[in-house]
Amino acid sequence: MAIIVKSSSLHGAGVYTTAPIKKGAHILEYTGPRLTAKACEGMYADTEVTYLFAMDDGDTIIDGFGMAAFVNHTCDPNCETDQIDNRIWIMALRDIGAGEELTYDYNLFDGDIDEKAPCYCGLRNCRRTMFSEEEVARQKKALRRRKKRREAARLRREKEKRAARKR
Ligand SMILES: [Zn+2]
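Each chain carries its own residue numbering, running from 1 in the direction its sequence is written. Local features are withheld for residues below a pLDDT of 70 in this predicted model, meaning they are given only at 70 or higher, and side-chain atom pairs are given and counted only at 80 or more; totals for whole chains, interfaces and linings count all residues. Note that water and hydrogens are dropped before the side-chain values are worked out from all heavy atoms of the structure.

**Looking at the overall build of the protein**
Scanning the protein from terminus to terminus reveals 2 helices and 10 strands. Listing every helix and strand of the protein by position from the N terminus yields β-β-β-β-α-β-β-β-β-β-β-α. Computed over the C-alpha atoms, the radius of gyration of the protein is 21 Å, more than 25% above the 15 Å expected from 2.2 N^0.38 for a compact globule of 167 residues. For the C-alpha atoms alone, the extent of the protein along its principal axes is close to 80 × 35 × 25 Å. Each residue is placed in one exposure class: buried if its accessible area under a 1.4 Å probe, protein chains only, is under 20% of its type's maximum, exposed if it is over 50%, and partly exposed if it falls in between. Here the protein holds 167 residues, and the buried ones make up 32% of them. Contacts were defined at the residue level, with two residues in contact if any of their heavy atoms lie within 4.5 Å. Across the protein, every contact between residues at least 6 apart in sequence was considered, and the portion connecting residues at least 24 apart equals 62%. Note that His is not counted, nor are the chain ends; the positive residues are Lys and Arg, and the negative ones are Asp and Glu. By convention, the point assigned to a charge is CZ for Arg, NZ for Lys, CD for Glu and CG for Asp. Positive and negative charge centroids in the protein, built from 30 and 26 side chains respectively, lie 14 Å apart. Each helix is a run of DSSP H or I of at least 4 residues and each strand a run of E of at least 2, with the numbering of both proceeding from the N terminus. Each radius of gyration reported is based on C-alpha atoms, and the globular scaling rule is 2.2 Å times the count of residues to the power 0.38.

Following this line, the structure appears as structure tokens:
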């Protein structure tokens with residue numbers, strides 16, 4: 001298949017096809033060293049760009065090395081990823097024309113609520129983040145819980161102050 005990496009209008013470098021691709025085709029394998037989630041922790045704390053891919057078992061992370069790692073995210077992608085026999089494939093979600101940039105939805109998860117993963121794909125249904133919808137809901141909930149905890153702590157402090165004044 002005629003797959004190339006070149007600068008992308010979406011972000012940094014992107015992956016393009018110079019020939020049409022049929023829906024369902026296995027285009028690229030997501031390759032790289034495999035690490036455990038624990039081993040990965042903090043490894044890239046100071047780097048903005050990482051190419052980590054979490055496998056279905058939730059504990060194996062592929063530290064992307066190779067073309068597939070350069071495939072960008074959009075909220076309306078022409079590819080998807082699928083795990084087949086312990087390998088990750090980037091597959092065509094629809095027929096793709098020559099010259100198109102390949103993209104898939106990163107559906108990031110397990111994010112820190114202070115971490116931002118903004119999406120600038122600019123497509124009509126852009127959800128403005130690369131986090132999955134489930135993850136966005138989870139983070140909103142965590143944020144609400146944190147707010148509640150802070151509010152409760154504030155009320156407690158006020159009460160203590162009032163009690164101290166009475167004494
Ligand atoms: Zn988007």
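**Quick word on a nonpolar patch on the surface**
Only residues whose relative accessible area exceeds 30% and that form no salt bridge are eligible for patches; like-charged ones are grouped when within 9 Å, while nonpolar side chains (Val, Leu, Ile, Met, Phe, Trp, Tyr) are grouped when within 5 Å. Accessible areas in this description were obtained via Shrake-Rupley with a 1.4 Å probe; residue shielding takes into account the shown protein chains only. Salt bridges are identified by distance alone: a Lys or Arg side-chain nitrogen within 4 Å of an Asp or Glu carboxyl oxygen. Side chains of V5, M67 and F70 sit close together on the surface and give an oily, nonpolar patch of about 210 Å² of accessible area. Within the secondary structure, M67 sits in the loop between strand 6 (60-63) and strand 7 (72-73).

**Describing helix 2 (residues 133-166)**
Its 34 residues place the ends of helix 2 50 Å apart at the C-alpha level, agreeing with the 50 Å of an ideal helix rising 1.5 Å per residue. Regarding helix 2, the residues found buried are E135, Q139 and A142. Given the number of residues in a helix, its expected span is that number minus one, multiplied by 1.5 Å.

**Here's the deal with the side chain of T17**
Mapping T17 onto the fold places it in strand 2 (residues 13-17). When its relative accessible area of 1% is taken as the criterion, T17 is described as buried. Here A19 takes part through its backbone oxygen, which lies 2.5 Å from a polar atom of the side chain of T17. Ignoring any residue separated from it by four or fewer positions in sequence, one finds T17 in contact with A2, I3, I96, G97, A98, G99, E100 and L102. Counted as a polar contact is a pair of N or O atoms within 3.5 Å, where, for protein atoms, one must be capable of donating a hydrogen and the other of accepting one, and residues adjacent in sequence contribute only when both atoms are in side chains.

**Here's the deal with the pairing of strand 9 (residues 87-92)**
Within strand 9, 5 of the 6 residues are buried, which leaves it mostly tucked inside the rest of the structure. Pairing of strand 3 (residues 26-29) with strand 9, which is carried by 3 bridges, proceeds in the antiparallel orientation. Bridge pairing in strand 9 places H26 opposite M91. Strands qualify as paired when DSSP identifies two bridges or more between them. Once strand 8 (residues 79-84) ends, the chain turns through 2 residues before running back antiparallel as strand 9, passing D85 with a positive phi of about 50°.

**Considerations on the sheet that holds strand 5 (residues 52-54)**
If you walk across this open sheet you meet the 3 strands as 4-6-5, and the pairing is antiparallel. This sheet does not close on itself; its edge strands, each paired only once, are strand 4 (34-36) and strand 5. Strand-to-strand twist in this sheet, taken as the mean axis angle between neighbours without regard to direction, amounts to 35°. Pairing analysis gives 3 bridges linking strand 5 to strand 6, with the strands arranged antiparallel. Considered in strand 6, the bridge of L52 is made with D63. Here, axes are lines fitted to C-alpha atoms. For helices the fit covers the stretch in contact, and angles between N-to-C directions go from 0 to 180 degrees.

**What to know about the side chain of N78**
Topologically, N78 is positioned in the loop between strand 7 and strand 8. Engagement of the side chain of N78 in a polar contact is seen with the side chain of E100, the distance being 3.3 Å. Every residue in contact with N78, bar those within four places of it in the chain, is listed here: M91, A92, L93, R94, I96, E100, E101, L102 and T103.

**Quick look at the coordination of the zinc ion**
The zinc ion binds to the protein through C75 (SG), C119 (SG), C121 (SG) and C126 (SG), with metal-donor distances spanning 2.2 to 2.4 Å. Because water is not among the atoms used, a metal site may look incomplete, as its donors are only the N, O and S atoms within 2.8 Å, or 3.2 Å for Na, K and Ca. In these descriptions, tetrahedral denotes four donors with every angle between 85 and 135 degrees, square planar four donors and octahedral six donors with opposite donors over 155 degrees apart and the rest between 65 and 115, and irregular any other case. Taken together, the 4 donor atoms coordinating the zinc ion span angles of 104 to 115° at the metal, a pattern that classifies the geometry as tetrahedral. All donor residues of the zinc ion come from one chain, and their arrangement in sequence is C-x43-C-x1-C-x4-C. Taken as a pair, C75 in the loop between strand 7 and strand 8 and C126 in the loop between strand 10 (101-104) and helix 2 lie far apart in primary sequence, 51 residues in all.

By themselves these figures say nothing about function.
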